[in-house]
Amino acid sequence: MEKFVNKKILFFAPKFFNYEIEIKKKLEQLGAQVDFYDERMNPSNLDKVIIRLKKDLLTKKIESYYNNIIDRSKNRKYDYVFFLSPETITRELLQKLRRNQKNAKFIIYMYDSIKNKKNAREILNEFDSHFSFDKNDCEIDNRFKFRPLFYLDEYSKLAEKSYNKKYDISFIGTVHSDRYEVIKSIKEQAISNGLNVNFFMYFPSKIIYLVKKIFDKSYKNTEIKDFSFESISKDKVLDIISNSKVILDIQHPKQVGLTMRTIEMLGMKKKLITTNKNIKNYDFYNSNNIKIIDRNNPILDLDFIKKTYEEIEKKIYEKYSIERWLRDIFDV
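The shown structure was predicted, so the numbers you read here are calculated from the model rather than taken from an experiment.

J.: For this particular structure, what's the right way to read the packing of helix α1 (residues 19-29) against helix α14 (residues 322-329)?
T.: Packing of α1 against α14 leaves a shortest axis separation of 11 Å and a crossing angle of 80°. Regarding the angle of α1 to α14, the classification is roughly perpendicular. Only Ile 322, Glu 323, Trp 325 and Leu 326 of α14 make contact with α1, whose side of the interface consists of Glu 22, Ile 23, Lys 26 and Leu 27. A breakdown of the residues in the contact of α1 with α14 according to their chemical character gives five nonpolar, no polar and three charged.

J.: Before we go on, may I ask you to explain unusual backbone geometry in this structure?
T.: Negative phi characterises most residues that are not glycine, and trans characterises most peptide bonds. For Asn 6, which is not glycine, the phi torsion reads 65° and is therefore positive. Its location among the elements puts Asn 6 in the segment before β1 (8-13). Located in the positive-phi region is Lys 269, a residue other than glycine, with phi close to 55°. Locating Lys 269 in the fold gives a position in the loop between α11 (260-267) and β10 (271-274).

J.: Which parts of the structure should I look at to understand the nonpolar core?
T.: Note on soluble globular proteins: their nonpolar side chains tend to be buried together. Formed by 53 residues in total, the largest nonpolar core has its most connected members in Ile 23, Phe 82, Tyr 155, Phe 284 and Phe 330. Residues within four places of Phe 284 in sequence aside, it is in contact with Leu 258, Thr 262, Ile 263, Leu 266, Ile 279, Ile 290, Ile 312, Ile 316 and Tyr 320. Counting 28 residues, the second-largest nonpolar core is a separate cluster that includes Tyr 66, Ile 69, Phe 106 and Phe 144.

J.: I tried to follow the sheet that holds strand β5 (residues 129-132) on my own but got confused; where do I start?
T.: Picture the strands of a sheet paired through backbone hydrogen bonds; they go either parallel or antiparallel. Sheet architecture is open: six strands sit in the order β2-β1-β3-β4-β5-β6, paired in parallel fashion. If you trace the sheet from one side to the other, it starts and ends with β2 (33-38) and β6 (144-146), each paired once. The average undirected angle you get between the axes of adjacent strands in this sheet is 20°. Relative to β5, strand β4 (residues 105-110) runs parallel, the two being bridged by four bridges. Paired with Met 110 across the bridge in β5 is Ser 132.

J.: Explain the pattern of salt bridges here, please?
T.: Side-chain pairs of opposite charge can arise whenever the charged atoms involved come near each other. On inspection of all chains with the given rule, the structure shows 23 salt bridges. With its nearest N and O atoms 3.6 Å apart, the salt bridge here joins Lys 25 to Glu 22. Of the two residues, Lys 25 and Glu 22 are both situated in helix α1; the distance of three residues between them amounts to about one turn of the helix. In this structure Lys 25 comes out as partly exposed when scored by relative accessible area, which is 36%. Judged by relative accessible area, Glu 22 falls into the buried class, the value being 10%.

J.: What's the story with the pairing of strand β9 (residues 244-249) in this structure? I'm lost.
T.: The side chains of a regular strand alternate between the sheet's two faces. With five of six residues buried, β9 is to be regarded as a mostly interior element. Examined bridge by bridge, strand β7 (residues 167-174) and β9 share three bridges and lie parallel to one another. Looking at the pairing, Ser 170 lines up with Ile 247 of β9. Pairing between β9 and β10: four bridges, direction parallel. Counterpart to Ile 247 in the pairing with β10 is Leu 272. Between β9 and its parallel partner β10, the chain crosses via α11, and the hand of that crossover is right-handed.

About the cut-offs
- Residues numbered from 1 in each chain as written.
- Predicted model: local features only at pLDDT ≥ 70, side-chain atom pairs only at ≥ 80, totals over all residues.
- Heavy atoms only, no water.
- Axes fitted to C-alpha atoms, helices over the stretch in contact; angles between N-to-C directions.
- Helix = DSSP H or I, 4+ residues; strand = E, 2+ residues; numbered from the N terminus.
- Parallel < 35°, antiparallel > 145°, perpendicular 65-115°, else oblique.
- Contact = heavy atoms within 4.5 Å.
- Nonpolar A, V, L, I, M, F, W, Y, C, P; charged D, E, K, R; others polar.
- Core = buried A, V, L, I, M, F, W, Y, C linked by side-chain atoms within 4.5 Å.
- Buried < 20%, exposed > 50% of the residue type's maximum accessible area, 1.4 Å probe, protein only.
- Pairing = 2+ DSSP bridges.
- Salt bridge = Lys/Arg side-chain N within 4 Å of Asp/Glu carboxyl O.
- Right-handed = clockwise from strand over helix to strand, strands pointing away.

So this is what it looks like as structure tokens:
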């Protein structure tokens, strides 16, 4: 895409399953020059907990981290400054960054609802363009443009290959909110019906898990071995999904936007079970390919698992690719 060629982009994002790396890589493939920094300052597991619960305790560390970046980049003039779901940077630091990058267009994209991100709401005025994966965000603040997430190129490539499906149903994701209860119910139903399953449940830290186990009754009978505290590699994710008939996805109860996993399953032409009833409003919805379940009473539909995937229009697949997503976000 020629309009990306030689454009200088300062990119901030939390590290999340290497998606930040893939975004940087794609921008560079399109011709841009990208400098990337972890938006959460390469946090330790304890820092991750503090950022969510009491970010003020890390004020000095956050200021030092961003001031170093601002000083380092002040002589490099960027065309764009791009923030993905920011949690740590303050309004004052953003204003300082803007003073050093007066000609740059500042873009924010939220892949988490602003209801869950107090910090994001406080810094919105410092951005020129605002995007969200969540339609509710756009209703709460009309500066937001609605733009669903994307799938990586690998997913569409793998969609064209055939695999022997080892798993009838799989889940890969972080454990949050009531997600574990839904996972547990579906997993038990699947196993009791003789289905093969692969469920990867990730906790960002053992500390968070232990707090949950003490204070949340739904985790009372769990064991530490039930969960992983190290993120799974992209290759392993692709391998599990490729070898699965159906993927289970459970969005955060405060979100209506579609998760990354949902869009990835579109790119991979994979059947999906989801708790997000809003998926009916999207152009790729097909009841043969997508089963909506009630998160309060999740029932596994065995007939749905037996059905084969039905192809949809090619232009819809293209709409949700990472390149099209970047073109829309950067308005090129």
